[in-house]
Amino acid sequence: MLAINSKATDPSDAKISKLFYKAPYMLLKQIKEACSLYADGFASMTLGRTLWKVVAIKLFVLFALIWPFLHTGPKTVEAKEALAVSKLLDK
Amino acid sequence: METLIDWSRAQFALTAMYHFLFVPLTLGLSFLVAFMETLYVKTGDEKYKAMTKFWMTLFGINFAIGVATGLIMEFEFGTNWAAYSWIVGDIFGAPLAIEGILAFFLEATFFAVMFFGWDRVSKKFHLLSTWLVAIGSNLSALWILVANGWMQYPVGMSFNPDTARNEMVNFWDVILSPVAVSKFLHTVSGGYITSSLFVLGISAWFLLKGKEVWMAKKSIIVASIFGLLASLFVVATGDEAAYQVAGKQPMKLAAMEGLYKGEDGAGIVMIGVLNHAKTAENNEEPYLFEVTAPKMLSLLGYHDLNAFVPGIKELIYGDESRGIEGVAAKIERGKKAKEALAWYKKAKAEKNEVAAQEALKVFRIYEKELGYGYVEKPTNLIPPVGLVFYSFHLMVGLGIWFIALFSVTLIVSLKSDITNNRAFLKVALWSIPLGYIANEAGWVVAEVGRQPWAIQGLLPVGVAVSNIDSSMVQVTFWLFLLLFTTLLIAEIRIMTTQISLKAKGESHV
């Protein structure tokens, strides 16, 4: 373990222990800044809002409307294997 | 069954071709934007920043509209091509999974910094983010093209008869396959050309309108340098791609040139019209009209002016004097492999280990030609020659046009005032769609040229397809056509609106 107490005599040990305590706060600060980058970015979007609407509509159409039509193939691992074997053996 | 295969093929072709309307612009415009931002960071000139932001907006529109269109193809593997997914999923899935992870983490992380971080992070970190988005987009393409390269030239795997799957035995053989490498380089450089034409054409429109003249002129210089380099690079990568095709998919090369009878020192058709009455079985002339560059096909395919290029007839019926085996013998061996596989499965089901081992021995002798066991007659292995021939020649012709266009644009914009040449600007504007056409034509050559194989020599499409109702595939075909066409219209409308706003000097981000 790093020397994280007041008895640390070597100045570099003291520096490391300070960094050790500070690291979580620095990490939290970075995460907070990253979150605010996204939050402010989304809040100030103009054209981006339209684009996100397009993305949302597209995903809705794909997953809610078209996916049920697509989802007709074999679903289980056994069914998939059985299909492949039957095709390979021309059955 | 034919209806199901044809509709499944049509649906996959539709999805892939629409998806590839969005991809090339992402691949190239991301780099163009990164170059422009580098100019901004180097000079500190705010005009470069405005220029970067404008093209970045168009990049963002294309990215947002195009995102997830590729996902549909991955759905289709599981639904329409379930047998394919099972038989080769172990190999094909790995590059696709890496692509998903890379695309998500690299692009999503730095994409946000690129768009939201202008005043939040340092100039250099922002520039780094823009470059990482460009690199991330292109790395995504790498993995997709590795997967596609494997379909053209399957390596690094072994067939497991117990699971009926091809399993990856050498990851590096798959990703460093010469076909995958040349396909990646050729495809991305095609995307760079398309993006350069896009920037050049829109900049030409600004100059025709007399708007944003400084930005348009600078953009033209950046696009024509990038476009010219990419056009020259595409020649080199195209040469390598043709060399790989000659070695690994000779039937595709023969179809690309409409070459029915092989020749020593074969020429390339520069301009020609195919005789559609020509088949491998008759003696009709292959062309109604053709202008040929002598020996060039031998040079392109084998890097030897006098090399023999086999034609469709030799590849189908064989030519002993040339050491070319006909397809009939491969079909025979393929059938033996199929019978041995059936024997093995039966012995395993009956728990007869001795018989299973015997069957396995026979299977291993013939397994390389298993795919041929599903081919009914040799001529079924001839791809649609007309479609491949015309697509190939269209792509090559457009490639030559792009070199000329970018060269002239660069010279004119550096030596004189390009704004005075309105006819030339109109040509540049109308060249935008040509990049897309060349890309699509290239895909037609690559994919139609290897039919009827889903995996070259290993798995024909008839075995790869799912056993589903063809009417379901038809319904989704039309639904996808509607969805994609709507997305394309949305993309064009949103982009043209933003371009018009820029011309009016309005804010657009």
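Cut-offs applied
- Residues numbered from 1 in each chain as written.
- Chains lettered and ligands numbered in written order.
- Predicted model: local features only at pLDDT ≥ 70, side-chain atom pairs only at ≥ 80, totals over all residues.
- Heavy atoms only, no water.
- Contact = heavy atoms within 4.5 Å.
- Salt bridge = Lys/Arg side-chain N within 4 Å of Asp/Glu carboxyl O.
- Polar contact = N/O pair within 3.5 Å; in protein donor to acceptor, adjacent residues only side chain to side chain.
- Helix = DSSP H or I, 4+ residues; strand = E, 2+ residues; numbered from the N terminus.
- Expected span 1.5 Å × (residues − 1).
- Buried < 20%, exposed > 50% of the residue type's maximum accessible area, 1.4 Å probe, protein only.
- Domains from an automatic or database assignment.
- Phe/Tyr/Trp six-rings, centres within 6.5 Å; stacked < 30°, edge-to-face > 60°.
- Lys NZ or Arg CZ within 6 Å of the ring centre and 35° of its normal.

> In this structure, what is going on with the interface of chain A and chain B? I would like to understand it.
In many analyses, interface size is given as the accessible surface area lost on bringing the parts together. Contact with chain A, which involves 37 residues of that partner, is made by 53 residues of chain B. Linking chain A with chain B are zero salt bridges, by the criterion used here. Where chain A meets chain B, there are seven residue pairs in polar contact (both at pLDDT 80 or more). Broken down by secondary-structure element, the contributors of at least two residues to the side of chain A that touches chain B are α1 (11–43), α2 (47–70) and α3 (77–88) of chain A. Looking at the side of chain A that touches chain B element by element, the count peaks at 14 residues for α2 of chain A.

> Is there a simple way to explain helix α7 (residues 178–209) of chain B in this structure?
In an α-helix there are 3.6 residues to a turn, and that puts residues three or four apart on one side. Residues and elements named next belong to chain B. The terminal C-alpha atoms of α7 lie 47 Å apart, and with 32 residues this matches the ideal 46 Å at 1.5 Å per residue to within 8%. The buried fraction of α7 is high, at 26 of 32 residues. One or two positions beyond α7, positive phi appears at Gly-210, with a value near 70 degrees.

> Looking at this structure, how should I read the domain arrangement of chain A?
Taken domain by domain, chain A comprises domain 1 (12–44) and domain 2 (49–91). The centre of domain 1 of chain A, based on its C-alpha atoms, is set 42 Å off from the matching centre of domain 2 of chain A.

> How should I be thinking about the pattern of salt bridges in this particular structure?
Close approach of charged atoms allows side chains of opposite charge to pair. Residue and element names in this part refer to chain B. Counted according to the given criterion, the structure contains ten salt bridges over all chains. Among the ionic pairs, Lys-49 bridges to Asp-119, the shortest N-O distance being 4.0 Å. Within this pair, whereas Lys-49 is found in helix α2 (residues 46–66), its partner Asp-119 is found in the loop between α4 (82–116) and α5 (123–152), the two being separated by 70 residues in sequence. The class for Lys-49 is buried, based on a relative accessible area of 13%. Take Asp-119: its relative accessible area is 68%, and that puts it in the exposed class. For Glu-369, the salt bridge identified is with Arg-333, shortest N-O distance 3.0 Å. With Glu-369 in the loop between α13 (353–366) and α14 (385–415) and Arg-333 in helix α12 (residues 327–349), this residue pair connects regions lying 36 residues apart in the sequence. Connected through shared salt-bridge partners, Glu-325, Arg-333 and Glu-369 make up one network.

> Could you clarify how one ought to interpret unusual backbone geometry in this entry?
In terms of backbone geometry, most residues other than glycine have negative phi values and most peptide bonds are trans. Residue and element names in this part refer to chain B. Each neighbour pair has its own omega, and for Gln-451 with Pro-452 the value is 10 degrees, a cis peptide bond. Checked against the element boundaries, Pro-452 lands in the loop between α16 (432–448) and β7 (453–455). One non-glycine residue, Ala-164, lies in positive phi territory at about 60 degrees. Among the secondary structure elements, Ala-164 is positioned in the loop between β1 (157–160) and β2 (165–168). You can call Ala-164 buried: its relative accessible area is 2%.

> What am I meant to see in the packing of aromatic side chains here?
The geometry of an aromatic ring pair is captured by the separation of the ring centres together with the interplanar angle, meaning the angle of the planes. Residue and element names in this part refer to chain B. One pass over the full model with this rule turns up 29 aromatic pairs over all chains. Their ring planes at 55 degrees and their centres at 5.9 Å tell us that Phe-31 and Trp-131 sit as a pair that is tilted. A residue pair is termed long-range when its members are at least 10 positions apart, and Phe-31 in helix α1 (residues 2–43) and Trp-131 in helix α5 qualify at 100 residues. Using a relative accessible area of 24% as the deciding quantity, one classes Trp-131 as partly exposed. Measuring from ring centre to ring centre gives 6.2 Å for Tyr-287 and Phe-389, while their planes differ by 40 degrees; the resulting arrangement is tilted. Of this pair, Tyr-287 sits in strand β5 (residues 287–293) while Phe-389 sits in helix α14, and the two are 102 residues apart along the sequence. Phe-389 shares its class with Tyr-287; the two are buried. Aromatic rings pair up to connect Phe-31, Phe-35, Trp-131, Tyr-192 and Phe-226 into one cluster. Lying over the aromatic face of Trp-86, Arg-165 brings its terminal NZ or CZ to 4.3 Å of the ring centre. Of note, Lys-248 hangs over the ring of Tyr-153, and the distance from its end group to the ring centre comes to 4.9 Å.

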